[in-house]
Amino acid sequence: MTKRTEYSHALDLQNGRVEMAHGSGGKAMAQLIDELFLQAFSNPWLEQMNDQACFTLPPGRAVMATDSHVISPLFFPGGDIGSLSVHGTVNDVAMSGAVPKYLSAGFILEEGFPLADLQRIVQSMARAAEDAGVAIVTGDTKVVERGKGDGCFINTTGIGVVAEQLHLSGNRVQPGDKILLSGTLGDHGVAIMSLREGLTFETTIASDSQSLHDLVAAMVTGVPEINCMRDPTRGGLAATLNEIAQSSNVGVTIYEANIPVKPQVSAACEFLGLDPLYVANEGKLVAFCPADKAEQLLAIMQQHPKGNEAAIIGEVTADPLKFVQMETVFGGRRMVDWISAEQLPRIC
Amino acid sequence: MKYVDEYRDGKLAREIAERIRSEALPSRQYNLMEFCGGHTHAIFRYGIPDLLPDNVNMVHGPGCPVCVLPISRLDTAIELAVTHNVILCSYGDMMRVPGSRKRSLLKARAEGADVRMVYSSMDALKLAQDNPDREVVFFAIGFETTTPPTALVIHQAKKLGVKNFSVFCNHVLTPAAISSILDSPEAGALGLLKLDGFVGPAHVSTVIGSQPYERFAVEYSKPIVIAGFEPLDLLQAILMLIRQVNEGRAEVENEFSRAVTRQGNERAKQIVDETFEERDSFEWRGLGFVPRSALQIRAEFAEFDAEKRFPVEYRSSAENSACLCGPILHGVKSPRDCTLFGGACTPENPLGPCMVSSEGACAAYYSYGRHQESLIAKESA
């Protein structure tokens, strides 16, 4: 790879900071791109240095998704904003049954942000993209004045291709479908919560942030009849189930006893007055499939390292009221409602 | 999970539920009030009404600190943050509660006020130490459970000589609220419901002990069973209340003996007593003005009293006239009786106190119990 020009001094990636000039379109920006982004994301499309990437997609229907990442703190156990920005979009594309292929990356950086942190984030993105089999083929960098951003925001857009015979969608779920969850709930949200300012709560929980493209590929190859998949991120499993119930005009019943939650997550939620059903995940999926395929799909998921704690957690019912209900471990029933806003801890 | 799952054992629950069914006399109704919002929340979260026979009716009391805080006090907190430019520290579940003109602490923050969510009173004091050029006010709310930490932080601030820290005190008292319900002219005049007994508070009782409830058992002939917040605690307490009613007893019994003693936590009570004194009267959402039902900071700690430190004045704020929260908190109406419930008044847009927090009766009905409505509709169709 050749540099566009020779720079008098190399970018100070140890002690340097983002300056307004890095977003100005001038030489400083070119240097940031050359010495940081190109180094990390290196691929033939990016190296052409065009304002766009031009590529041919393999046969199938194209799938596209976008996601902006504004997480605080930027670095957390189990990941950082860089890896998360890849996983989030890769998973949104993959939930259609597609194979994710290409990503764009848009950075909004705050003046004064340490270049060492930016390098860490960018390298983490590069590793996550490589793991997910996607190339970051186009990008953009803007710098905002100090105090007008929160260090680093990243938007990624992903493109993938889904096989013609696959038709996964939130409005295709049928009464009688079984609901499968790929693993434990709440790891990401609790990991983040434990780091947030004002909460000194020591826990060993790491975020579950990971790309699910390979788990999805195994699932749709084995059971192409899957009606829908979603990754329960913000709003948690509760929000996802309510979205599907609304889109497909169905009811949902889940069984609390079947829902996997790590003991540490459960304890943290108990302590904070949170409900794991509403806590965010970044590396789990929920799948809806015909009942006669459920056991087969479960076996496929459990054989995969990203689904070895998978469980059948409930089923879809015919319900014009589109209620999501849960049979509690206690033997009673309750609604699992949409959450109205962010979950806030109760005081007692 | 150790010490949690044990109290959520479904098999044991079904056994106790079976005993409740066999001991509750079919010839009569049992109206039992759980005072605490924590109990209300647990009842719905675990689907306990499904396990009870039809003639055992749980009535939801006013023990939700967020719900009963009057709008006027919330408005004052918002005013402190907006007009007096303080760093206002609040517990999380107070942040979203709408005050006058639907303005909440979260909205005030969006408009530029410096409102911080804290997990403990000590976090607020630390903020004051870290920001010596700013006034920091801790928005103290809650029943006897959260009062000792507030007392402690005031003592700590005095000891450390922190000059930019004060407390906006809204601590309220459980026994006074129970008296208000039992003496309520509303309950008497409407005469719709006779309460047969109380499930007594869990965490509050760890502080005040079981002794303060004894006069209710004697003066009002009402059985009281203090219960933990776990679902098995609740079922066991309900069984104990039914037995008392059946045997014509009215005693204070303690189901939560793993945490509650007759005397309570003497050290906590002592520091609370050193720091606070009773107010002559305090306004409760839903209950109105209740005599001797809240605490204020004693004169010797006046420098830490936000009400003395800042020129704030009391302004009354009217509730929606169609709101039934008053009668609901007195146990004479159910959320289902309210025309606003689920339509004009929802957890996203609460008009009355019971819809405000997940511990409020209306919010619990709405969030956890709405499927019951469809069952009722089916049965009557």
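Parameters and conventions
Residues numbered from 1 in each chain as written. Chains lettered and ligands numbered in written order. Predicted model: local features only at pLDDT ≥ 70, side-chain atom pairs only at ≥ 80, totals over all residues. Domains from an automatic or database assignment. Contact = placed C-beta atoms within 7 Å. Helix = DSSP H or I, 4+ residues; strand = E, 2+ residues; numbered from the N terminus. Nonpolar A, V, L, I, M, F, W, Y, C, P; charged D, E, K, R; others polar. Pairing = 2+ DSSP bridges. Axes fitted to C-alpha atoms, helices over the stretch in contact; angles between N-to-C directions. Expected span 1.5 Å × (residues − 1). Buried ≥ 20, exposed ≤ 12 C-beta atoms within 10 Å, placed from the backbone. Parallel < 35°, antiparallel > 145°, perpendicular 65-115°, else oblique. Left-handed = near helix turned anticlockwise from the far one by under 90°.

Attention now moves to the domain arrangement of chain B. Residues and elements named next belong to chain B. As assigned here, chain B comprises domain 1 (1-307 + 316-322) and domain 2 (325-380). Here the C-alpha centre of domain 2 lies 19 Å away from the C-alpha centre of domain 1. Domain 1 puts 32 residues into the contact, and the matching count from domain 2 is 23 residues. Elements represented by at least two residues in the side of domain 1 that touches domain 2 include exactly α2 (37-45), β2 (56-63), α3 (65-68) and α9 (185-190). Per-element accounting of the side of domain 1 that touches domain 2 gives the leading share, six residues, to α2. Here the side of domain 1 that touches domain 2 is composed, by residue class, of 18 nonpolar, nine polar and five charged.

Residues and elements named next belong to chain A. With mixed pairing, seven strands are arranged side by side in an open sheet as β8-β10-β7-β11-β9-β12-β13. On the outer flanks of this sheet lie β8 (228-230) and β13 (333-335), each paired with one strand and no other. On average, each strand axis in the sheet is inclined to that of its neighbour by 25°, with strand direction left out of account. Here three bridges tie strand β12 (residues 324-327) to β13, and the two strands are oriented antiparallel to one another.

Before going further, it helps to examine helix α4 (residues 115-132) of chain A. Residues and elements named next belong to chain A. Look at α4: 25 Å from first C-alpha to last across 18 residues, which is about the 26 Å you get at 1.5 Å a residue. Restricting attention to buried positions, one finds in α4 the residues Leu115, Leu118, Gln119, Ile121, Val122, Ser124, Met125, Ala126, Ala128, Ala129 and Ala132. Positioned one or two residues after α4, Gly133 has a phi angle of 70°, which is positive.

Residues and elements named next belong to chain B. Read from one edge of the open sheet, four strands run β4-β3-β5-β6, paired in parallel fashion. The open sheet has two edge strands, β4 (115-117) and β6 (165-171), and neither has a second partner. Strand after strand, the sheet turns through a mean of 25° between neighbouring axes, direction not considered. As judged from the three bridges shared by strand β3 (residues 87-90) and β4, these two strands associate in the parallel manner. What sits directly across from Leu88, in β4, is Val115. Sheet strands in contact with helix α6 (residues 121-130) are β3, β4, β5 (136-142) and β6, and its direction is about 170° off that of β5. Relative to β6, helix α7 (residues 147-160) is tilted by about 160°, and along the sheet it contacts β5 and β6.

Attention shifts here to the interface of chain A and chain B. Interface size is often expressed as the accessible area that is lost when the parts come together. At the junction of the two partners, chain A supplies 25 residues and chain B supplies 39 residues. Of all the secondary-structure elements, those providing two or more residues to the side of chain A that touches chain B are α8 (263-272) and β13 of chain A. Examining the composition of the side of chain A that touches chain B, we find that four residues originate from one element, α8 of chain A, more than from any other.

What follows concerns the packing of helix α1 (residues 10-23) of chain B against helix α12 (residues 231-247) of chain B. All names here are of chain B. Closest axis-to-axis distance for the α1/α12 pair is 10 Å, and the angle between their directions is 15°. Compared by their axis directions, α1 and α12 come out roughly parallel. The crossing of α1 and α12 is left-handed. In contact with Leu12, Ala13, Ile16, Ala17, Arg19, Ile20 and Glu23 of α1, α12 contributes Pro231, Leu232, Leu235, Gln236, Ile238, Leu239, Ile242, Arg243 and Asn246. Here the contact of α1 with α12 is built from residues that sort into 11 nonpolar, two polar and three charged.

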